Amino acid sequence: MSLCKDHGIVSQGKIEYRMTVEHKKRLDGIKTYKPGKPIEEVKRELGLDSVIKLASNENPLGPSPRAIKAMADAAQQANRYPDGGCFYLRQALSEQLSVPGDNFVFGNGSDEIIVLAIRAFLELTDEVIIADPTFLIYRIASMVEGAKVKLVPLKDNKYDLDAMAEAISPATKMIFIANPDNPTGSYVTAGELDAFIKKVPDNVIVFIDEAYYEFATGGDYPETLDLIEKKDSNVIIARTFSKAYSLAGLRVGYGIMRSDIAKALNTVREPFNVNSIAQAAAVAALEDTEYLKKSVNLTNSEKERYYRKFDEMGIQYVLSKTNFILVNIERDSAKVFDYLLRRGVIIREMSAWGLKGFIRVNIGLPEENDMFFEVFEEAIKEIK
Ligand SMILES: *Cc1c(COP(=O)(O)O)cnc(C)c1O
């Protein structure tokens, strides 16, 4: 052990493993991601029969029946490894978006596209610029690689692109933009994004995370595919089947980028990262345009009901381009979270994001939303 010590290697507990002091310090400095509580866990722990979850921005409709049928069919072939190149999904997306096939990279959720981009490009001395708060995976994955994270605070619950441009230094390698953003639900406009991209040096990768694209598209929301077509663009766009397409449990997402950037991500990708059932379901989900319309329309009409309810109650919230709303309850959010949980309503309290007194709630089915309104009103009356 003394020899190990001399080399800065630590061993911990009963399990002997070798980790340099720097590496251990790096990992110890990372707060692990805490997901929303699963329904089954809450039922078990609190002895409740009926629990609804509005905590993880999931789609309450359940997958398209066509996707479910495709999953059942694909299950018959589950003895075979999946197609590592996602041939049919690539072809379907390529046609739908009019983007050549070699501009896509597929991932085990779009989370994995974030991780692959970071693994491909970030080195120890590199800087990455991330908003604060925003989606936590950017920071966690960058810290794992030992990159230096520069946090740029939001301004009025929105990305401050001017401040992010000013934060760029010669060491900057990547910039993350969640558009729309999670947890605020706000978005940057086409004009704002254009002006920002013009200020970013050519050797910096701009990662635009469009996990809520299907809810956001239209109006002054940017259509970023044009950026990829410009040969000199270092933009990576990430989208997912988890939210509007309702396939979060299958884990399938994709990135769109210049083909040479795609090649770099594919180099660090595991060969069979997207399973065969997910691939089949995603192809079927893309074909079911009626389902997508229904999903987006339901979200938008129910979101209006949330706005009206909060307005009635005099509760502040951030206007959202997504399927969730960030709400400023101006109360102890852990207490409100607990109150709702005991009544079988799971939401997210935002202290882990540094947002004290905020909760995030996602749009559920109409009856789930009614349930939320009822319990939330009680909680707000009870907890001062
Ligand atoms: C939900 C979400 C994702 C990732 O979802 P996957 O299920 O991994 O595709 C990515 N970015 C943001 C901002 C999200 O909210």
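From a predicted model like this one, the values you see are computed outputs, not experimental measurements.

(A) Layout of the site of the ligand. Every residue near the ligand is listed here: G109, S110, D111, F135, N182, D209, A211, Y212, T240, S242, K243 and R251. T240 places a polar side-chain atom, nitrogen or oxygen, 2.5 Å from an oxygen atom of the ligand. For the ligand, the accessible surface in isolation is 390 Å², of which the surrounding protein chains cover 94%. According to the grid-proximity analysis, the pocket containing the ligand is the second largest pocket. Class assignment for the residues of the shell around the ligand results in three nonpolar, five polar and four charged.

(B) Fine view of unusual backbone geometry. Here D132 and P133 are connected by a cis peptide whose omega angle stands at 0°. Relative to the assigned elements, P133 resides in the loop between β5 (127-132) and α7 (137-144). A cis amide bond, omega 20°, links N182 with the succeeding residue P183. Relative to the assigned elements, P183 resides in the loop between β7 (172-178) and α9 (190-199). Here C86, not a glycine, exhibits a phi torsion of approximately 50°, which is positive. Along the chain, C86 turns up in the loop between α4 (65-75) and α5 (87-97).

(C) α4, seen in detail. Here α4 has its buried residues at A67, A70, M71 and A74. Around the axis of α4, the buried residues are gathered within 105° of arc, so they sit on the same side. Exposed side of α4, more than 90 degrees from the buried face: P65 and K69 are the residues found there. Those residues of α4 that are buried are in contact with α13 (276-287). If you check the start of α4, you find a side-chain oxygen 3.0 Å away from the backbone N of R66, and it comes from S64.

(D) Main features of the domain arrangement of the protein. As assigned here, the protein comprises domain 1 (31-61 + 291-382) and domain 2 (65-287). Counting each side, the surface lost to burial between domain 1 and domain 2 is near 2,100 Å², with a carbon and sulfur contribution of 65%. Together, Y33, K321 and W353 form the three largest contributors to the area buried by domain 1 at its contact with domain 2, with a combined 31%. For the pair domain 1 and domain 2, the number of links is zero salt bridges.

Calculation criteria
Residues numbered from 1 in each chain as written. Predicted model: local features only at pLDDT ≥ 70, side-chain atom pairs only at ≥ 80, totals over all residues. Heavy atoms only, no water. Near = heavy atom within 4 Å. Polar contact = N/O pair within 3.5 Å; in protein donor to acceptor, adjacent residues only side chain to side chain. Areas by Shrake-Rupley, 256 points an atom, 1.4 Å probe, with all protein chains shown as cover. 1 Å grid on protein atoms, 1.4 Å probe; cavity = no way out; pocket = protein on both sides within 12 Å on 5 of 7 lines; lining within 4 Å. Sits in = over half its atoms within 2 Å of the grid points. Nonpolar A, V, L, I, M, F, W, Y, C, P; charged D, E, K, R; others polar. Helix = DSSP H or I, 4+ residues; strand = E, 2+ residues; numbered from the N terminus. Buried < 20%, exposed > 50% of the residue type's maximum accessible area, 1.4 Å probe, protein only. Arc of directions from axis to C-beta. Contact = heavy atoms within 4.5 Å. Domains from an automatic or database assignment. Buried area = accessible area lost by both parts, 1.4 Å probe. Salt bridge = Lys/Arg side-chain N within 4 Å of Asp/Glu carboxyl O.

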